[in-house]
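Residue-level structure breakdown
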Amino acid sequence: MFYDRAKIYVKGGDGGAGIVAFRREKYVPEGGPSGGDGGRGGNVVFVGDEGLRTLVDFRYNRHYKADRGDNGMAKNMSGRSGENTVLRIPVGTVIFDDGTGEVIADVTEHGQRVVVASGGRGGRGNARFMSNTNKAPTLSENGEPGEEHWLRLELKLLADVGLVGFPNVGKSTIISKVSAAKPKIADYHFTTLVPNLGVVDVEDGESFVMADIPGLIEGAHTGAGLGHEFLRHTERTRLILHVLDISGSEERDPLEDLRIIQDELKLYSPALAERPVIVVANKIDIPGAEENLERLKGELKDRYEIFPVSAATGEGLQNLIYHIAKVLPDISAPTIVTLPDEHRVTKVKSDKRFEIRKENDLFIVEGDEIEKHVKMTFFDQEDSVYRFQNILKAMGIDAALVAAGINEGDKVEIAGVTFDWV
Ligand SMILES: Nc1nc2c(ncn2[C@@H]2O[C@H](COP(=O)(O)OP(=O)(O)OP(=O)(O)O)[C@@H](O)[C@H]2O)c(=O)[nH]1
Ligand SMILES: [Mg+2]
């Protein structure tokens, strides 16, 4: 199987906790605070690797977490930072946030690094809370939680040239003749079920990458045939080779075929339909092909370059390859990743700092900032609880709760932790 999509969960390491400690020195009856900070959590990092061709590694393991930071130590020593988790992905992988549909990154180069989930910072130790009014703070912070996301990965192969056309027109035969690719070739439709890539060597060490994109028929944009399953692999191709069975051996009209597939490309992505196209009139060895070729040239020679070939005998292939090698350098690589509609989700994010929701007698406070404070507070430290109360006041949450009608003894929930309102 060819795995070109995956959905995975990534989480950066949590920061280590800051601690409460005091110096104990000879002759110093009350040493100052000396609790060290926690270490940073590790990041989850993707690295582009041109040696990989599929996303199969993500098929079986779907959860990736980086190391947490160590807790701080006495004598003002910080905890050790967590190790990064480094994952290799094929070049050509587009990374989406599965929740919002946003593109996080497009990995197009070998060695390109993308942090997909940052580790949390370490919590501060009590030494950092010393002030003029508090010489002996007994509070510290827990580490910040690491970022977490569900990601969708989509591989869009990086090929220079994409072969498209109806089933059985000879796409796989062509790629097998001009490169070392060994796709299955047979006289029935949908022989090829996954895209094949081949490197075509020209001369003087020059080469380009060709992809055989299978499964296109009329209605592909509505899911017919293999649907759009593989069209995403043409999105990055610079040049499209539109292969026709010019002999019309299946009782189809090559001109009609060309129009149908070009329409399918346009329906999938208008940008794709604007890519330069070369028409490859294949199977010229079959009797009757000549007539169709003349008709094709008559109607299309102003719009397309037409190359008559026979993949079976090899006739015309060399000529085609030289032509491609000549024109490719002048065609710029498509830089934008065109996103199908399903990905165009607008990110809905509240611009309020927090929101209060009432469920029966429970007041639920939601908001990234305050939820993070809850996670970083040690509620068994009196001073930390005191600091947390000040944060509630400073952020205006206290006042908002009162405005929402909260009374003594009611319960408040933030980030899964329940408090009594006093
Ligand atoms: N006579 C002749 N037959 C050819 C030529 N090119 C391909 N064929 C035959 O046409 C049939 C289909 O070829 P494939 O290369 O499998 O076609 P495809 O376009 O990859 O087909 P799908 O994978 O089903 O989309 C096979 O039987 C090939 O041997 C040619 O130039 N001349
Ligand atoms: Mg094929």
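Preceding block: the structure.
The structure contained in this document is the topic of the report that follows. Just so it is clear, the model here is predicted, and its values are computed rather than measured.

**A word on the overall build of the protein**
- Across its full length, the protein carries 9 helices and 18 strands.
- Each principal axis of the C-alpha atoms in the protein carries an extent, and together these give about 105 × 50 × 35 Å.
- Burial analysis of the protein (422 residues in total) assigns 50% to the buried set.
- Once local pairs closer than 6 in sequence are excluded, the contacts in the protein between residues at least 24 apart make up 72%.
- Split by element, the accessible area of the protein, about 21,400 Å² in all, is 48% carbon and sulfur.
- Positive and negative side-chain charges of the protein, numbering 51 and 67 respectively, have mean locations separated by a distance of 6 Å.

**Overview of unusual backbone geometry**
- Of note, Glu251 is a non-glycine position whose phi angle comes to about 65°, a positive value.
- Here Glu251 is to be found in the loop between strand S12 (239-245) and helix H3 (254-268).
- Judged by relative accessible area, which is 76%, Glu251 ranks as exposed.
- A positive phi angle, near 50°, is found at Ala415, a position not held by glycine.

**Structural notes on the packing of helix H7 (residues 368-375) against helix H8 (residues 382-394)**
- Relative orientation of the contacting elements H7 and H8 amounts to 175°, with a least axis distance of 11 Å. Compared by their axis directions, H7 and H8 come out roughly antiparallel. Judged by residue contacts, Ile370, His373 and Val374 of H7 engage Phe388, Ile391 and Leu392 from H8.
- Class assignment for the residues of the contact of H7 with H8 results in 5 nonpolar, 1 polar and no charged.

**Considering the nonpolar core**
- With 56 residues, the main nonpolar core has Phe208, Met210, Leu241, Leu296 and Ile324 as its most contacted residues.
- With residues up to four places along the chain from it excluded, the contact list for Leu296 reads Leu244, Ile246, Leu255, Val279, Ala281, Lys301 and Ile306.

**Brief notes about the site of ligand 1**
- If you check the shell around ligand 1, you find 22 residues, and the closest are Asn168, Ser172, Thr173, Thr192 and Asp285.
- In the environment of ligand 1, an oxygen atom lies 3.3 Å from a nitrogen or oxygen atom belonging to the backbone of Val169.
- Side-chain polar atom of Asp285 to a nitrogen atom of ligand 1: 2.8 Å apart, as the coordinates give it.
- Placement of ligand 1 is best described as lying within the second largest pocket.
- When residues of the shell around ligand 1 are assigned to their parent elements, the largest contribution, 3 residues, is made by helix H2 (residues 171-178).
- When its residues are assigned to classes, the shell around ligand 1 shows 9 nonpolar, 9 polar and 4 charged.

**Quick word on the packing of aromatic side chains**
- Under the defined criterion, the tally for this structure stands at 6 aromatic pairs.
- The ring of Trp150 carries Lys7 above its face, with NZ or CZ at 5.5 Å from the centroid.
- Between Arg152 and the ring centre of Phe96, over which it is positioned, the NZ or CZ distance is 4.7 Å.

**Here we look at the environment of Leu296**
- Examined against the element boundaries, Leu296 turns out to sit in helix H5 (residues 289-300).
- Note on Leu296: relative accessible area 1%, which makes it buried.
- With 10 residues separating them in the primary sequence, Leu296 and Ile306 have C-alpha atoms 8.6 Å apart.

**Some thoughts on empty space enclosed by the protein**
- The final tally for this structure, using the stated rule, is 3 cavities of 30 Å³ or more.
- Within this model, the largest cavity holds a volume of roughly 40 Å³.
- Every residue lining the largest cavity is listed: Leu139, Ser140, Glu141, Met376, Thr377, Ser384, Arg387 and Phe388.
- For the lining of the largest cavity, a count of residues per class yields 3 nonpolar, 3 polar and 2 charged.

**Re the pattern of salt bridges**
- For the structure on display, the rule yields 23 salt bridges.
- Of the charged contacts, one joins Arg252 and Asp257 as a salt bridge, the two residues approaching to 3.0 Å between their closest N and O atoms.
- The exposure class assigned to Arg252 is partly exposed, which follows from its relative accessible area of 23%.
- The partner of Arg357 in a salt bridge is Glu359, and the shortest N-O contact between them spans 2.8 Å.
- By relative accessible area, Glu359 is classed as partly exposed at 41%.
- Salt bridges sharing common partners tie together Lys7, Asp98, Arg152, Glu154 and Lys156.

**A closer look at the sheet that holds strand S10 (residues 196-201)**
- With mixed pairing, 6 strands are arranged side by side in an open sheet as S10-S11-S9-S12-S13-S14. Looking at the sheet topology across the chains shown, the edges are occupied by S10 and strand S14 (305-308). This sheet shows a mean twist of 25° between the axes of neighbouring strands, independent of strand direction.
- In this structure, S12 lies alongside strand S13 (residues 277-282), joined through 6 bridges in parallel fashion. Considered in S13, the bridge of Leu244 is made with Ala281.

**Concerning the sheet that holds strand S17 (residues 411-414)**
- As summarised here, the arrangement of the 4 strands in space is S15-S16-S17-S18, forming an open sheet in which the pairing is mixed. Here the strands that pair on one side only, and so sit at the sheet edges, are strand S15 (355-359) and strand S18 (417-420). Taken over all neighbouring pairs, the strand axes of this sheet differ in orientation by 25° on average, direction set aside.
- Here S15 runs beside strand S16 (residues 362-366); their pairing, made up of 5 bridges, is antiparallel. Directly across from Lys358, in S16, lies its bridge partner Phe363.
- Along the sheet, H7 contacts S16, S17 and S18; its crossing angle with S16, the most-contacted strand, is approximately 105°.

Analysis parameters
- Residues numbered from 1 in each chain as written.
- Chains lettered and ligands numbered in written order.
- Predicted model: local features only at pLDDT ≥ 70, side-chain atom pairs only at ≥ 80, totals over all residues.
- Heavy atoms only, no water.
- Helix = DSSP H or I, 4+ residues; strand = E, 2+ residues; numbered from the N terminus.
- Buried < 20%, exposed > 50% of the residue type's maximum accessible area, 1.4 Å probe, protein only.
- Contact = heavy atoms within 4.5 Å.
- Areas by Shrake-Rupley, 256 points an atom, 1.4 Å probe, with all protein chains shown as cover.
- Lys, Arg positive; Asp, Glu negative; His and termini not counted.
- Charge placed at Lys NZ, Arg CZ, Asp CG, Glu CD.
- Axes fitted to C-alpha atoms, helices over the stretch in contact; angles between N-to-C directions.
- Parallel < 35°, antiparallel > 145°, perpendicular 65-115°, else oblique.
- Nonpolar A, V, L, I, M, F, W, Y, C, P; charged D, E, K, R; others polar.
- Core = buried A, V, L, I, M, F, W, Y, C linked by side-chain atoms within 4.5 Å.
- Near = heavy atom within 4 Å.
- Polar contact = N/O pair within 3.5 Å; in protein donor to acceptor, adjacent residues only side chain to side chain.
- 1 Å grid on protein atoms, 1.4 Å probe; cavity = no way out; pocket = protein on both sides within 12 Å on 5 of 7 lines; lining within 4 Å.
- Sits in = over half its atoms within 2 Å of the grid points.
- Phe/Tyr/Trp six-rings, centres within 6.5 Å; stacked < 30°, edge-to-face > 60°.
- Lys NZ or Arg CZ within 6 Å of the ring centre and 35° of its normal.
- Points joined across faces, edges and corners; volume = space filled by probe spheres on them.
- Salt bridge = Lys/Arg side-chain N within 4 Å of Asp/Glu carboxyl O.
- Pairing = 2+ DSSP bridges.

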